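# Summary of structural features
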Amino acid sequence: MKKNDKKKKKIIDLTSYINPEMINCDVDGSYTGIPADMYYNGELEQPVQDADDL
């Protein structure tokens, strides 16, 4: 095992704990941290901070 391999953290999938209705209200993932496309389609996408998050 390489030295750099130890530093990589394992990604923990917590999407099973999120109610699908919550995702419908937060399509950009600004509140939940999980955009709708990532939750439903598995597409990797960054959450978007919008005006109501400020």
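No experiment lies behind these values; they were computed from the predicted model shown.

Quick look at the layout of surface pockets now. Here the largest pocket is characterised by a volume of approximately 210 Å³. If you go around the largest pocket, the residues you meet are Ile11, Ile12, Asp13, Leu14, Thr15, Gly33, Ile34, Met38, Tyr39, Gly42 and Leu44. Split by residue class, the lining of the largest pocket holds seven nonpolar, three polar and one charged.

What follows covers a negative patch on the surface. Negative charge collects at one region of the surface, where Asp28, Asp37, Glu43 and Glu45 lie side by side. As for its position among the elements, Asp37 is in helix 2 (residues 36-41).

Attention shifts here to a nonpolar patch on the surface. Among the surface-exposed residues, Ile12, Leu14 and Tyr17 lie close enough to one another that they form a single nonpolar patch of about 410 Å² accessible area. For Ile12, the position within the fold is in the segment before helix 1 (20-25).

Given two aromatic rings, one states the distance between the centres and the angle between the planes to describe the pair. Counted according to the given criterion, the structure contains one aromatic pair. Each ring, one from Tyr39 and one from Tyr40, has its centre 5.0 Å from the other, and the planes form 90 degrees; the classification is edge-to-face. Taking the relative accessible area as the measure of exposure, Tyr39 reaches 23% and is therefore partly exposed. According to the relative accessible area criterion, Tyr40 is partly exposed, its value standing at 43%.

Basis of the calculations
Within every chain, residues take consecutive numbers counted from 1 along the sequence as written. Selection of residues for local features in this predicted model requires a pLDDT of at least 70, selection of side-chain atom pairs for listing and counting requires 80 or more, and totals for whole chains, interfaces and linings are taken over all residues. Only hydrogens and water are set aside when side-chain values are computed; all heavy atoms of the structure are taken into account. Both cavities and pockets are sets of points on a 1 Å grid over the protein atoms alone; in a cavity a 1.4 Å probe fits but cannot get out, in a pocket the set is open with protein on both sides within 12 Å along at least five of seven lines, and lining residues sit with an atom within 4 Å of a point. Grid points are joined across faces, edges and corners, and a volume is the space filled by probe spheres set on the points. Lys, Arg, Asp and Glu make up the charged group, whereas Ala, Val, Leu, Ile, Met, Phe, Trp, Tyr, Cys and Pro make up the nonpolar group; the residues left over, Gly among them, are polar. Residues form patches when they are more than 30% accessible in relative terms and have no salt bridge. Like charges link within 9 Å. Nonpolar side chains (Val, Leu, Ile, Met, Phe, Trp, Tyr) link within 5 Å. In these tables, accessible area is a Shrake-Rupley quantity obtained with a 1.4 Å probe, and a residue counts as shielded only by the protein chains included in the view. Just to be clear on terms, a salt bridge is a Lys or Arg side-chain nitrogen sitting within 4 Å of an Asp or Glu carboxyl oxygen. Lys and Arg are tallied as positive, Asp and Glu as negative. Neither His nor the chain termini are counted. Lysine's charge is taken at NZ, arginine's at CZ, aspartate's at CG and glutamate's at CD. Helix and strand assignments follow DSSP, with helices taken as H or I runs no shorter than four residues and strands as E runs no shorter than two, numbered in order from the N terminus. Stacked, tilted and edge-to-face are the three classes assigned to paired rings of Phe, Tyr and Trp, where Trp is represented by its six-membered ring and a pair needs centres within 6.5 Å; plane angles under 30 degrees give stacked, over 60 edge-to-face, the rest tilted. Only protein chains enter the accessibility calculation, which uses a 1.4 Å probe; a residue is then buried when its area is under 20% of its type maximum, exposed when over 50%, and partly exposed in between.

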